[in-house]
Amino acid sequence: MPTSAPGANSDSLAYAHFRVLRRPDGMPWVLGAGGMGITYKAQDTRLRIEVALKVIHPNRLSEPDARRLLVREARAAARVSHPNVASINYLESGDESSEPVFYAMEFVDGLTLQDWLHEHGPAAPALALGFAEQIARGLDAIHAQHLVHRDLKPANIMMLEFPPDHPRYRDAAASAGHWLKIIDFGVAKGIAGAAALETIAPVTSGFRGTVAYASPEQCTEQADLDGRADLYALGCILWELVVGAPPFAARSQLELMTRHVSFPPPWALLRGAAPAVRPVLERLLAKDRAARPANAGEAAELLAAARWRLESSTEPMPALPTFAALENGDDTVPFLPPPAPSRLRRALPWVLAGAAVLMAAFLALRPAPRANDARKTLAVLPFENASAVADDQFMTDGIHADVLANLSTIRDLRVISRGSVMPYRTRSRDLAQVAGELGVGAVVEGRVQRSGSRLRVHAQLTDVRTRESLWAQTYEREITDVFELQGRIAREIAQALAANLSAEESREIEHRPTDDPKAYEYFLRGRETERRSVASLPRDLQAIAELYSRAVEIDPKFALAYAHLAIAHTDIYWSAVDRSRTRLNLAREAAANAARLEPELPQAHLAAGYCSYRADWDYPAALREFQRAHELRPRDGDILYAEGLALRRLGRWAEAERALREAVGYAPLDSRIVSAFAETILFQRRYAEAEAIYARLASLFPEDFGAFHDVERARFYRTSDIVAYSKAMQTRDAKLEVLESFAVEYMLRAKEYPEIAALMRARAGQVVHEAQIATPVSFYLGWACHFLGEKPEATASFTEAAARLWDMAAVQPRGAFERARVAQAYAMLGRPDDARRLGREALALRPLESDHVSGPDVACDVAIALAWAGDLEPALELIEQALRMPGDMNAAILRVDPRWKPLHGHPRYERLVAHAF
């Protein structure tokens with residue numbers, strides 16, 4: 001029995017003769033937790049050594065099956081004695097249901113292989129082979145005890161690192177001083193010759209393990225598993241070590257199982273690795289287990305021989321692959337294989353030299369057309385406004401958007417998104433260039449002339465290879481017939497391309513969203529204002545909502561306008577322009593009206609999803625709505641974009657990357673979507689890869705400061721060179737109103753305190769608009785004045801900022817960011833207790849595990865407050881938690897941001913900044 005409950009502040013938390021150790025903040029030292037148990041760092045008071053103590057979870061203490069499973073796990077692991085397997089040295093099975101079940105194992109003071117990959121990225125091929133060899137030798141010992149691990153994965157492998165002067169470094173020299181140990185036998189299975197392992201616990205039939213690393217025989221739930229299933233998992237781990245991600249990714253576990261069983265790995269990704277690696281992977285990842293090594297010992301020798309050949313070779317490393325020529329057409333591969341930080345200086349020239357072919361890479365990511373006819377992949381270029389009145393542009397753009405949308409509903413066609421074709425309004429329309437940049441075989445061009453209530457529309461379809469006109473037509477209609485006209489153009493283009501048009505698709509094309517031309521005009525004006533808005537400016541967001549509101553006032557049955565209105569209201573709320581409950585109610589009411597009027601309208605589900613995402617922060621609910629919208633319109637880049645954003649929030653980064661990659665395929669020139677895709681890679685700390693994507697985007701849109709800034713941000717994260725970052729920013733007008741937060745943050749990190757102070761004083765009373773928070777300029781003025789030594793103004797500024805932020809939090813019950821920044825202001829005002837209290841509230845409102853994008857940001861904001869309040873260890877703990885997750889926090893920010901000054905010199909801080917994240 002423990003002498004005190006887990007989490008208590010008493011120092012007497014103990015199990016038998018094991019005493020749970022405590023972190024500097026007084027909390028029990030938890031190493032990990034899962035559904036079965038909690039693992040603590042503890043001390044064996046008899047042997048006086050540190051151990052890892054796994055204790056059954058309190059919620060499962062009374063479950064006999066759970067108790068037996070933990071006993072079974074300990075007994076399975078205890079059979080194995082090998083340097084590459086963590087050893088078990090004590091078990092308490094607990095005779096009574098109220099008594100805890102726990103066991104003590106060797107404490108490995110290091111990282112999991114999963115954490116190591118997050119920190120370092122892919123390993124050099126020789127190092128990857130050395131790691132895999134150690135794992136294979138540990139597996140050999142496990143299999144010798146007639147056990148199959150069944151859940152081998154990077155999270156279940158611990159790593160020690162010995163410095164060169166350590167006595168054991170020579171034993172691990174082949175792995176650059178790293179020593180690996182296999183842990184967690186929770187789903188181990190006995191095979192022929194096992195000593196009654198299954199009799200002490202419930203039968204573990206069916207699928208067990210982690211799907212990303214599961215063998216084909218596990219995925220098909222074969223009963224006669226043997227050690228070769230673990231060798232397949234070892235192949236998946238070796239692949240991830242070399243490439244940066246497991247060999248397969250999918251939208252669901254069922255699809256992922258299918259890929260393991262039936263799909264070949266994307267071998268093209270190994271072109272950037274050493275030739276010695278692929279033959280080993282071909283053996284380990286063989287679908288037929290008979291083709292794999294006969295046992296783990298043979299696999300270890302295979303890996304050792306490949307490593308020896310690689311280390312003995314003098315051939316240069318081959319260049320990284322481009323994706324225009326992927327040999328298997330698999331769309332689950334990463335955008336670029338991320339280079340390891342240890343090889344960054346060598347790999348970066350290859351990545352940047354490939355920037356010129358990045359558009360080809362975008363194109364290669366798009367699914368191919370269903371038919372072989374390349375003309376069925378087409379772009380609808382912006383229509384020309386031929387009206388005498390320039391204001392009629394909204395009508396021209398509206399007809400263009402609806403023709404494009406109608407064509408996009410036809411599954412037999414592949415239509416580039418509107419966001420990617422709109423740049424051609426002002427760009428050269430040379431058809432060869434269009435074909436090369438968008439990867440299309442045909443283009444649609446058009447011209448619209450409005451005269452009173454009459455419309456004259458000309459449209460033509462051209463084969464971009466032969467310049468042959470495939471179809472052309474001119475129409476004259478009343479504005480009231482615009483929907484019939486748009487549907488007719490789409491049908492005739494489909495007929496010219498011999499595209500199959502189902503009855504359902506025909507009905508969708510013929511659908512009339514409204515019968516009122518005036519309501520439609522307001523809708524088009526709202527959509528055009530939305531397209532032209534380059535940032536979330538209050539005046540733009542309000543104007544968009546007002547135009548959509550007018551549309552539904554005129555036609556209360558206009559479901560599509562209600563959907564757009566709901567999204568506009570959530571934009572206003574999300575951008576912190578209006579955080580009132582009234583705004584939320586307006587958004588929800590509009591979304592509900594859209595769903596009531598047309599339950600199967602994709603935009604209605606998109607609107608409902610954004611209400612959950614932006615207003616309720618209910619990301620599972622948002623994802624369900626986005627996925628339903630995707631089912632209804634599977635080739636819509638905007639819907640895939642939303643789906644990717646929700647997946648990121650849920651911490652499903654591989655799925656998010658895949659959804660956004662697919663969105664890029666439909667919208668290769670939509671800067672919003674491409675930026676989100678690049679940011680997803682950036683947050684996974686693959687900085688060189690993200691930098692290359694941003695660089696391509698910036699070259700395509702040189703006027704877009706956001707893309708320019710993101711290139712420099714990725715480069716800064718990669719190099720920690722704040723001086724180069726600052727100089728680059730000074731070449732552009734970084735102080736534009738719409739990009740104020742970028743300007744202030746980079747100026748603060750570059751220690752440009754006088755410039756910040758002058759800028760903030762000139763904008764007294766204003767706010768810096770960022771996603772989810774509007775920060776008073778007095779907050780940044782306070783920091784600038786503090787570092788300038790101007791204490792009275794710093795105090796006055798932080799006092800004002802705290803008051804304004806608290807007012808904002810009062811109308812935003814879930815305002816975690818507001819509370820975190822009030823906590824910073826209180827810390828700077830000498831109110832540490834209030835800073836701690838507000839910090840706790842902020843963390844409770846936005847826990848890291850509930851929001852994998854904003855959670856780490858809130859944690860870092862709170863860490864700043866705690867650091868200045870004198871709580872260095874809790875601040876460092878929050879930083880370390882944020883660094884263990886994908887996100888915007890990294891060593892570069894830790895090194896240069898002056899707000900971390902209280903941590904300077906602390907050993908934990910110095911260790912963190914010494915590593916590249």
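Conventions adopted
Residues numbered from 1 in each chain as written. Predicted model: local features only at pLDDT ≥ 70, side-chain atom pairs only at ≥ 80, totals over all residues. Heavy atoms only, no water. Helix = DSSP H or I, 4+ residues; strand = E, 2+ residues; numbered from the N terminus. Buried < 20%, exposed > 50% of the residue type's maximum accessible area, 1.4 Å probe, protein only. Contact = heavy atoms within 4.5 Å. Expected span 1.5 Å × (residues − 1). Phe/Tyr/Trp six-rings, centres within 6.5 Å; stacked < 30°, edge-to-face > 60°. Salt bridge = Lys/Arg side-chain N within 4 Å of Asp/Glu carboxyl O. Core = buried A, V, L, I, M, F, W, Y, C linked by side-chain atoms within 4.5 Å. pLDDT = per-residue confidence, 0-100. Axes fitted to C-alpha atoms, helices over the stretch in contact; angles between N-to-C directions. Parallel < 35°, antiparallel > 145°, perpendicular 65-115°, else oblique. Left-handed = near helix turned anticlockwise from the far one by under 90°.

What follows covers the overall build of the chain. Within the chain one finds 37 helices and 20 strands. Expressed as a percentage of the 917 residues in the chain, the buried residues total 59%. For the chain, long-range pairs separated by at least 24 residues make up 65% of all intrachain contacts whose partners lie at least 6 apart in sequence.

For helix H32 (residues 816-828), with 13 residues, the first-to-last C-alpha span of 19 Å sits near the 18 Å given by 1.5 Å per residue. Directly after H32, the chain includes Gly-830, whose backbone phi takes a positive value near 80 degrees.

Our focus in this paragraph is the packing of aromatic side chains. What the rule picks out here adds up to 25 aromatic pairs. Between the aromatic rings of Phe-523 and Tyr-548, the centroid separation amounts to 5.7 Å while the plane-to-plane angle is 45 degrees, which identifies the pairing as tilted. With Phe-523 in helix H16 (residues 517-532) and Tyr-548 in helix H17 (residues 538-554), the pair connects residues that are 25 residues apart, well separated along the chain. Here Phe-523 and Tyr-548 have matching classes, each one buried. Their ring planes at 20 degrees and their centres at 5.1 Å tell us that Tyr-753 and Phe-787 sit as a pair that is stacked. Residue Tyr-753 is located in helix H29 (residues 753-762), and its partner Phe-787 is located in helix H30 (residues 777-788); the two are separated by 34 residues in the primary sequence. Residue classification places Tyr-753 among the buried positions, given a relative accessible area of 11%. Ring pairs connect the aromatic residues Tyr-753, Phe-779, Tyr-780, Trp-783, Phe-787, Phe-798 and Trp-868, which therefore count as one cluster.

Evaluation of the coordinates by the stated rule reveals 59 salt bridges. The partner of Arg-837 in a salt bridge is Asp-834, and the shortest N-O contact between them spans 3.4 Å. Linking Arg-837 with Asp-834, this pair stays in helix H33 (residues 832-845), spanning 3 residues, or about one helical turn. Residue classification places Arg-837 among the partly exposed residues on the basis of a relative accessible area of 33%. Two residues, Arg-908 and Glu-877, come together in a salt bridge whose shortest N-O distance is 3.1 Å. Remark: Glu-877 occurs in helix H35 (residues 872-883) and Arg-908 occurs in helix H37 (residues 907-913); sequence separation between them is 31 residues. Under the relative-accessibility criterion, Arg-908 is labelled buried at 12%.

What follows is about the nonpolar core. One recurring pattern in soluble globular proteins is that nonpolar side chains are buried together. Of all hydrophobic cores here, the largest spans 195 residues; its most connected members are Leu-378, Leu-407, Ile-879 and Trp-900. Sorting elements by how many residues they give to this core places helix H18 (residues 559-574) first, with 11 residues. Discounting chain neighbours no more than four positions away, the residues touching Leu-407 are Leu-378, Val-380, Leu-413, Val-415, Ala-490 and Ile-493. Counting 58 residues, the second-largest nonpolar core is a separate cluster that includes Ala-76, Leu-113, Ala-299 and Leu-303.

Moving on to the confidence of the model for the chain. Overall, the prediction assigns the chain a mean pLDDT of 79, with 81% of residues at 70 or greater. A low-confidence stretch, residues 1-11 (pLDDT under 50), is modelled with 27 contacts involving residues beyond four sequence positions or located in other chains. For the stretch residues 192-206, pLDDT sits under 50, and the model shows 31 contacts to residues farther than four places along the chain or on other chains.

Our next topic: helix H3 (residues 125-144). Here H3 contains 20 residues, and its C-alpha end-to-end distance of 28 Å stays within 8% of the 28 Å for a straight helix at 1.5 Å per residue. Taking burial as the measure, the 20 residues of H3 include 17 buried ones, the bulk of the element. Looking one or two residues past H3, His-146 carries a phi angle of roughly 60 degrees, positive in sign.

This part is about the packing of helix H25 (residues 687-700) against helix H26 (residues 705-719). At a closest axis distance of 8 Å, the pairing of H25 and H26 adopts a crossing angle of 160 degrees. If you check the angle between H25 and H26, you find them roughly antiparallel. Remark: the crossing between H25 and H26 carries left-handed chirality. The segment H25 lies against H26, with Tyr-687, Ala-688, Glu-691, Tyr-694, Ala-695, Leu-697 and Ala-698 engaging Ala-707, Phe-708, Asp-710, Val-711, Arg-713, Ala-714, Arg-715, Tyr-717 and Arg-718.

A few words on the environment of Gly-227. Its location among the elements puts Gly-227 in the loop between helix H4 (216-219) and helix H5 (228-243). When its relative accessible area of 11% is taken as the criterion, Gly-227 is described as buried. Placed 66 residues apart in sequence, Gly-227 and Pro-293 show a C-alpha to C-alpha distance of 10.0 Å. In this structure, Gly-227 is in contact with His-143 and Val-148, ignoring residues within four places of it in sequence.

What follows covers the side chain of Ser-778. On the secondary structure map, Ser-778 appears in helix H30. We classify Ser-778 as buried; its relative accessible area is 4%. Filtering out sequence-adjacent residues up to four positions away, Ser-778 remains in contact with Ser-797, Phe-798, Glu-800 and Ala-801.

Once that is clear, we can look at the packing of H30 against helix H31 (residues 791-810). The relative placement of two packed helices comes down to the angle between their axes together with the axis-to-axis distance. Two elements in contact, H30 and H31, have axes whose closest approach is 8 Å; the angle formed by their N-to-C orientations is 155 degrees. As far as their axial angle goes, H31 and H30 are roughly antiparallel. By crossing handedness, the relation of H30 to H31 is classed as left-handed. Between H30 and H31, the contacting residues are Ser-778, Phe-779, Leu-781, Gly-782, Trp-783, Cys-785 and His-786 on the first element and Glu-793, Ala-794, Ser-797, Phe-798, Glu-800, Ala-801 and Leu-805 on the second.

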